[in-house]
Every structure is written in structure tokens, then in C-alpha cells.
Amino acid sequence: MSERSDSKPESGPRISSVLIVDDEAKIRSALRQALEREVETIFEASHGRDAIAVAEQKRPAVVILDLGLPDMEGIEVCRTIRMWSGVPILVLSARMDEYEKASLLEAGADDYVTKPFSTVELRARVHAVVRRSHMAPVPGSEAPIVIGDLIIDTARRVVTSRGADVHLTPTEWGLLRVLIANADRPVTHARLFQAVWGQAAGDVQLYLRVYVAHLRRKLEGDAYRPRLILTEPGVGYRFVLAP
Amino acid sequence: MSPAPSPSTALRIGRVQRWTIAYLVLFAVTAAMLLVRSDLEKVHVALLFLLVVLIGSAIDGNALGLALAGSAFFLFDFLFLAPYYTLGLANQLDWLVLASFLVTSIVAAQLLAHAQRRTREAHARAREVEGFSTLGAETLNAAEPVQALTAIAEVIRATLDADSCDIYVHRGRDAELELLAHASAPKAGRSSAASASVGSLLASVGERNEVAVERHDGTVSLAPSAEDGNASGSGARGWALSWGEIADARAIAIPLTVRDRSVGVLRVANEPHVDLAPGQRDFLNTLSYYAALGVERVQLAADAAHTAALRDRDRLKNALLAAVSHDLRTPLTTVKALAHTIAERGALPGDANAISIEEEADRLSALITDLLDYSRLTGGALHLAPQIESADDLVGAALARVRGIVQTRSVRVAEDAESDIPLGHFDFVHSVRAVVNLVENAVKYSAPDAPIDIGVRRLGGKLVISVADRGSGVSEQDRERIFEPFYRSPRAPPGTHGAGLGLAIARGLALAQGGDVTYEARQGGGSVFSLLLPAAEQPALAE
């Protein structure tokens, strides 16, 4: 804490540019100071329309978007940017909006932090969404994933835990693949349903809960204290690659 | 039988006057004929008398016709058939003339009266049909249910040619009656409207389901409204009131019922008295049912409006809480972020205080969360979205959230060996909050190194998440009070933070979704708080 290095970022390489969208100048200023050491260039916008324009012209590496904008709904800003850009979008939300988060993710947001958030958490999330956007899409994840003494080889469909084979059913595999393909970001219940069960009849809500529980019991040390498959209340699940 | 004067007759004169006029005409004709008696044939006399009888029959019906026929019979015999001024007859054939005259007069008078009655009835029918068709058009046309009801009142009033027709409805659950629709004739003032003293009469009409007749002398008679109780239940009903009782009525009050439920009272008033022909009684019966349906429609519309208002209020409440939540958290976000930045730099003396600022901001944020959750809970603005959820997710998410508070303390989770994957049907976000509150409570009221034990099990139809600590427990008299809002146990360790809402919120959230939070003392010391939520069965799944 007393070390005074203002060049070394906390959790990853410096990020080229960030667009901060918030109608409150003080929050923008606080965010700017919190991210100064992590980011080379910081752009600011106070309105949705400005945000869309800056995102188009400056092509920031990440957008931090507050929901309460004066001119348009945050979710609309998300949708509009998503129409032509894959830039990671991190949403700042109030705790009240738990059920709204899912629709934001559906509209193209990558992740969210809940106000009032800690600076440490914010930095970690910013780095995570940027890291993800640099990763190659699904084909790149063919290499086996090693998390502690757990090895997941999605290409060969083999999971070993402490050297012993773990048997997964086809549905469990399907679920795990979707989670890994979206590693380090929340995946909504709706997207998981769609990807694993498609248009299947029956209570998919129930299936999802039960299969996640099965997966945890096979992969995690303690199903009640998961380190890999985290629950995002009211939203969905998040697979953590580096717990 | 006393036929009512035809409403179409403009002559509003009494019966005595009409009889007097008829007899004056009879005497005048007789006198005129006496003057020219020598020139008259018997047939002239008979025809002229017949004419008078028919006039009498026309102006006041059968009875006057018959009376005139009798009188003319004697006058004919006495004055115009020889020998004059005696009832005896010189020519026995004259008896035939007299008898023919009498029979002809009586038959003609009867026929005429009958025809007139028919005409009047036809007129009344035509008015009723017109009334019904107007009613249909008006009620279909009316945008507001109250307008439709007013149209019904006006149709009833016009068809019965009454001064006024009022419809009163029950407001709320009490028997209080309120005038909802009023129709009055242009000629009548509001004098015929029900006075205050009539209010209680109307109330008893509605309450006892009886027809009331108000008379000029101030007396009132009540009679059951339906033939046999209320067996019919729907459709037009009859009244057991004898119509003789209505003779001197200045107003009639009829209860309005729909499906055996009293919805209001209809009152028809007229000066000097309410005249109802038989057909009009049926008409009134039928229309009172229309009025009852109209009243019901008004009440349903009012209920719908009330529900919509409540929904709007809830929406407003939610919007307000969301706005307050946003407005309170936004400055906290700034404070927290700036404090963190200052603490990191650590260059200036006193920057260590910045860490305290960040901690205090967190405390304030938790307090705001408590207060907002509590006001949502008590203000009826709680949004619940219950669905199938697993205990794994619930406990896992709660433990992830309290990680900062629990820190190095040992938290053990034990699952009932019998259950496969414990499932429940509850609102996830709010249930996580309840579990978090119970764990926070356990952390607060036990020693910093004491372990906390979380148990997951099925108990009947409930999924039970229990949180057990090794704290000092709760005294017997405090066991319900700890769930009261803002209650702080005297045993709370000094420096304990929070508004004293944690347990109240946990229990409120559980109750709102059909669960509960219970307390029991723990064996060997400490407390066990259990969150009960509706359990869900796990069906056999494919694979």
C-alpha cells in the first residue's frame, strides 16, 4: 500500500483505452483515477449518443457503461454498439436491478459490477473482459484446460481429477462446453437453456439446476462452495478459469 | 275495476265531473226532444239516446255507459212512449222497442269500452317496446357504466310517466346507499327525490330484499320482493305485493339483486300518485333487473379502476425505491472509489484514514440496502419471481456474498445424506438475501474464531437451510422479539453495526414466499436459525 509505483497495473498488461460513460462528472472522475494506472487513454461521455459516437470513432478497448443516462436507456446503448462492434462492455448497475442484469447480458453486455463496487473488483473485471476479447473464439479452446489438479480436455471429452477419470454424461458435457466457451463471464439461464437443450420440452429450469449441481459434485471439492461454476443470483452462472 | 285514465287524454278532470257532464248532456237531449216530441219517431229517440250512451261510455267507460243506458231506458218509456208520464205502455209492441234499445245500448257501451281499453293497452305496449329499444340503444351507446344506468333510469321514468326515477347503489361492504343515477321529468322539481328520512327506508329495502310502498299519509308497507324467496336467482322476478296496496303510493322502492346479491335500490316517485297498469308492473319488474345488471356493471368497473389504481401505486413505489436506491448509491460509489485511490497513493499524512472512509461507505451501503429492503417488504413493493432452484446455488451464492465478513472463520456445510440434490421453489435473489442475513447474524453474535455450521435438509414439504452458531444464544423472552424490526438484543457485543433489520427482513422475505425463519436454542450453547422454503421434488431425468 505504501509502495508508490504508478506504472504497474494490478492484474494484467496495461489496457490501451477505456470509454467511461456516466452522466455524473464526479463518478467519471473517480473512475478515471481508479483506472489511471491500468489504462493508457481514457475517454469520457455523459450521454448515450456521445458514447455511441466516441465508441465508433475512437474504438476503445473496453466500455464502462452506467445505466442511468439522461438521453437513452443503457440497454439501448448496449444494443446499438453491439450492432457493429464487439468491444467488451462492462455495466455499472445498482443492486436493485438484479433481474435487469440478465436482459443487459442478452443485449450484448459482457459483465457488470454492482454499485457501490470496490476499485479492486472493478479493475479485475475490466482486465477480465479485455483478456476475453483478445482470446480466440471457440476453436482456440481446444487445448486442455488445467485448473489445479483438474484437467478438462474438451476436444477428447476427457476430464481427470487428481489423475482419476471423471465420467460426464452427454448433457453434462454440453453444459460444461457452453460454460467454458464463455469462461470468466456470466452466462444467462436463457442462453444456457438454448445452447444445451434447444427447444426441448419439459422444465428446463429444473434441468439446469440439477445438471449444474451434478457437474459441481463431479468437478468441485465442495458443491456448496464452488470455485469453478459460480452462481450469479438472478442472472445465471459464471465459469471461472483462474479461481 | 277502475281503469286508469288514458295518459293520452289531455282532459285531466275527475270522475264526478265526467258523470255530471254526461247526465247534463242526457237531460239536454231529452229536453230538446220533448220540445219536438210530436214530430219524432220512436227510432229518432232511440238513436239519440244511444248516441248519448256511447258518448258516456267513451268518456268514462263501461259504468257510465250502463248507467246512462238505464236512465235513458226510463226516460224513453216515461216521456216518449204513450201514455206519457207513466211506465205503462199503450202499444204492447213498444216493449220490444224499449228492450231492443236497452240491449243495443248495453252491448254498444261494452264494445266501445272494450275497444278503448285495448287501444290504451296497445299504446302502453308501444311505449314499453319503445322504452326497451331506447334502453338497448342507450346502454350500448353509453361509454361509462354510470351513463348506462342513468339511461335505464330515464327509460323507466319516461315509460311509466313518473316524476322521477332514482337508482341507489351499495358502496363498499357496508349497507350505505349512494344515489348513482337520477332521472326526473322536466315538469317535476327535485321535490319528489328521496328525502333524508327515506334513506333509512331504502337501506332496509336493500337489506331485507323487500319492496316498499311510500304513501301520502307517511305510512309505508313492505313486502317480500320475490314470489318464493329468491329461487329464480336471475331474470325478472315478481313481487308478492298486492297491487291494491299500491293504490295511494307516492313512491315505490324496489330492491335490485343480481345472483341473490343485493346491489342497490330503485325508487320511482310520482305526484299525486304512482299509477301502474298491469303491463307496466311487468315492465318495471323486468327493467329493475336491467337496472340491477347496470349497477353491477358500475361496481365491476369501479373495482377494476381500484385495482388499476393499486397497481399504479405499486409501480410508483417501485420506481421511487429504485430512484432512491440509485441516488444513494451513486455518491457512495464515488466516495469509495476516491477513498481507495487516496489510500493506494498513501503519500500524504492521514491517508490511512482513507481506508476507514471506504469501510464506512460499505457500512452505509449495507444500511441503505437494509432500509430499502425493509421498506419494499412493508410497502408491498416486493417483486417475487419464484422458480425451481437448488440449495447448492442458494447456499453457494450466499457464502460467496459473505466471504468478506466471514474471512478466516470456519463455515461448514452439512447436507442431509438422504436427499439427492435438494431443490426448492422460491425467489432466488431474495432467498440469498435471507441466508446472507442469517449468516451475518451468526457472525455478529458469536466469537470471531467460533465456527458456523450450515445445514441443508428436507423436512416435510419444506427445504430447510439452518445456520448454527456458538454464540450466547437468545433468552426465552427475546425469541420472538429478535424478529421485530429495529430490535437490538441487549446481548449484542459492543460496536455491533446494523439497523437491527437483518432477522426481520429474513423472516419477511421467507413469509412472502410461503416459508418462515425460526429460532431454536442449540445443544451445547448457541443458536440455530432456520430458513424454511417450499421444497420441490426432483423428478427422474433422462440419462
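As shown above, the structure is provided for reference.
Overview of the structure.

### Quick notes on the nonpolar core
Generally speaking, soluble globular proteins have nonpolar side chains that are buried together.
Here comes step 1: Formed by 38 residues in total, the largest nonpolar core has its most connected members in Leu394, Leu438, Val439, Ile454, Ile465, Ile482 and Leu531 of chain B.
Here comes step 2: Among the elements that make up this core, the one with the highest residue count is helix α10 (residues 428-444) of chain B (9 residues).

### Quick notes on the interface of chain B and chain A
Here comes step 1: Counting residues at the interface gives 55 residues for chain B and 48 residues for chain A.
Here comes step 2: Of the roughly 4500 Å² buried between chain B and chain A on both sides combined, carbon and sulfur atoms contribute 58%.
Here comes step 3: At the junction of chain B with chain A, the criterion picks out 7 salt bridges.
Here comes step 4: Among the salt bridges present, the one from Asp393 of chain B reaches Arg209 of chain A, with a minimum N-O distance of 4.0 Å.

### Things to note about the pairing of strand β7 (residues 150-153) of chain A
Along any regular strand the residues' side chains alternate between the sheet's two faces.
Residues and elements named next belong to chain A.
Here comes step 1: Bridge count for strand β6 (residues 145-147) against β7 is 3 bridges, and the pairing is antiparallel. In the sheet register, Ile145 faces β7, and the bridge partner there is Ile152.
Here comes step 2: Connecting β6 to the next strand, β7, in antiparallel fashion are 2 residues, including Gly148 with a positive phi near 60°.
Here comes step 3: Across 4 bridges, the pairing between β7 and strand β8 (residues 158-161) is antiparallel. Paired with Ile152 across the strands is Val159, a residue of β8.
Here comes step 4: The hairpin turn running from β7 into β8, its antiparallel successor, is 4 residues long, and Arg157 in that turn takes a positive phi close to 55°.

### Digging into α10 of chain B
All names here are of chain B.
Here comes step 1: Relative to the 24 Å expected for 17 residues at 1.5 Å per residue, α10 spans 24 Å between its end C-alpha atoms, a close match to the ideal helical length.
Here comes step 2: When you tally the buried positions in α10, you get 15 out of 17 residues, the bulk of the element.
Here comes step 3: Backbone nitrogen of Val429 and a side-chain oxygen of the N-cap are separated by 3.2 Å at the start of α10; the cap is Asp427.

Parameters at a glance
- Residues numbered from 1 in each chain as written.
- Chains lettered and ligands numbered in written order.
- Predicted model: local features only at pLDDT ≥ 70, side-chain atom pairs only at ≥ 80, totals over all residues.
- Heavy atoms only, no water.
- Core = buried A, V, L, I, M, F, W, Y, C linked by side-chain atoms within 4.5 Å.
- Buried < 20%, exposed > 50% of the residue type's maximum accessible area, 1.4 Å probe, protein only.
- Helix = DSSP H or I, 4+ residues; strand = E, 2+ residues; numbered from the N terminus.
- Contact = heavy atoms within 4.5 Å.
- Buried area = accessible area lost by both parts, 1.4 Å probe.
- Salt bridge = Lys/Arg side-chain N within 4 Å of Asp/Glu carboxyl O.
- Pairing = 2+ DSSP bridges.
- Expected span 1.5 Å × (residues − 1).
- Polar contact = N/O pair within 3.5 Å; in protein donor to acceptor, adjacent residues only side chain to side chain.

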